[in-house]
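Geometric and topological summary
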Amino acid sequence: MSSNINLAINGIQHIGIPVTNTEASQQFYSRLGFSNVMQAPFTDNGGTGTCVMMQRGNMIMELYQLPEASLAEIRSRSNGHVDHVAFDVDDIDLTFKTIKEAGFNVLEPEPVFLQFWKKGCKYFNITGPDGERLEFNQIL
């Protein structure tokens with residue numbers, strides 16, 4: 001493998017997730033504190049799709065719905081469309097309690113400890129309306 005190239009990468013600009021219902025996905029991400037900051041149509045294989053940028057602070061989730069003719073393949077995906085997107089949090093236990101009480105589909109019975117970083121980290125995952133997995137992570 002070649003050596004690393006020198007790029008000025010500042011962080012994640014946005015995460016793109018194909019969805020099957022932009023309205024349901026917007027409602028889901030709104031409950032997590034994201035706001036619709038831009039919405040625009042686009043053309044794909046002769047049809048029209050919709051792209052919605054949902055922002056919370058400096059994080060942006062791009063939710064895009066392809067034209068109906070392309071949605072069958074997306075609907076058939078059983079494990080979502082992105083393995084996971086991880087959000088950094090300051091208090092994993094409070095975040096877990098808040099998410100659980102809000103009725104989200106939490107995958108773990110409690111935050112999981114991993115011996116990563118200097119003192120470890122704790123995380124848990126939830127799933128969105130199209131099976132996308134969202135991780136909440138605190139570096140301890």
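Details of the structure are given in the entry above.
The following refers to the structure shown. These figures come from a predicted structure and were not determined experimentally.

A few words on the overall build of the protein chain. Within the protein chain, the regular secondary structure consists of three helices and nine strands. Projected onto the principal axes, the alpha-carbon positions of the protein chain cover approximately 50 × 45 × 30 Å. Taking all 140 residues of the protein chain together, the buried fraction comes to 40%. Long-range contacts, defined here as pairs at least 24 residues apart, represent 48% of the contacts in the protein chain between residues at least 6 apart. Accessible surface, the protein chain: about 8,800 Å² in total, of which carbon and sulfur atoms supply 50%. When the 10 positive and 16 negative side-chain charges of the protein chain are each reduced to one mean point, those points stand 7 Å apart.

A contiguous nonpolar patch, built from Phe116, Trp117 and Ile139 and spanning about 370 Å² of accessible area, is present on the exposed surface. Checked against the element boundaries, Ile139 lands in strand β9 (residues 133-139).

Further remarks concern helix α3 (residues 92-101). Residues lying three or four places apart along an α-helix face the same way, a consequence of the helix completing one turn every 3.6 residues. Where α3 is concerned, the buried positions are Ile92, Thr95, Phe96 and Ile99. All buried residues of α3 project into a common sector of 100° when viewed along the axis, lining one side. Looking at the packing, one finds that the buried side of α3 touches β6 (105-106), β8 (121-127) and β9. Among the residues trailing α3, Gly103 stands out with phi positive, at a value near 85°.

It is worth spelling out the side chain of Glu62 at this point. Secondary-structure assignment places Glu62 in strand β4 (residues 59-65). Those residues within four positions of Glu62 in sequence are excluded, and the remaining contacts are His14, Ile15, Gly16, Ile17, Cys51, Val52 and Met53.

This part takes up the sheet that holds strand β3 (residues 47-56). Across the sheet, which stays open at both edges, the four strands sit in the order β1-β4-β3-β2 with mixed pairing between neighbours. Where the open sheet ends on each side, the last strands, each with one partner, are β1 (15-18) and β2 (35-44). Taken over all neighbouring pairs, the strand axes of this sheet differ in orientation by 20° on average, direction set aside. With four bridges connecting them, β1 and β4 associate as parallel partners.

This next bit is on the pattern of salt bridges. Summed over the entire model, instances satisfying the criterion amount to three salt bridges. Two residues, Arg75 and Glu68, come together in a salt bridge whose shortest N-O distance is 3.1 Å. A salt bridge links Lys97 to Glu101; the nearest nitrogen and oxygen atoms lie 3.1 Å apart. Within this pair, Lys97 and its partner Glu101 are both found in helix α3, separated by four residues, close to a single helical turn.

Calculation rules
Residues numbered from 1 in each chain as written. Predicted model: local features only at pLDDT ≥ 70, side-chain atom pairs only at ≥ 80, totals over all residues. Heavy atoms only, no water. Helix = DSSP H or I, 4+ residues; strand = E, 2+ residues; numbered from the N terminus. Buried < 20%, exposed > 50% of the residue type's maximum accessible area, 1.4 Å probe, protein only. Contact = heavy atoms within 4.5 Å. Areas by Shrake-Rupley, 256 points an atom, 1.4 Å probe, with all protein chains shown as cover. Lys, Arg positive; Asp, Glu negative; His and termini not counted. Charge placed at Lys NZ, Arg CZ, Asp CG, Glu CD. Patch = residues over 30% accessible without salt bridge, like charges linked within 9 Å, V, L, I, M, F, W, Y side chains within 5 Å. Salt bridge = Lys/Arg side-chain N within 4 Å of Asp/Glu carboxyl O. Arc of directions from axis to C-beta. Pairing = 2+ DSSP bridges. Axes fitted to C-alpha atoms, helices over the stretch in contact; angles between N-to-C directions.

Purely geometric stuff here, so don't read any function into it on its own.
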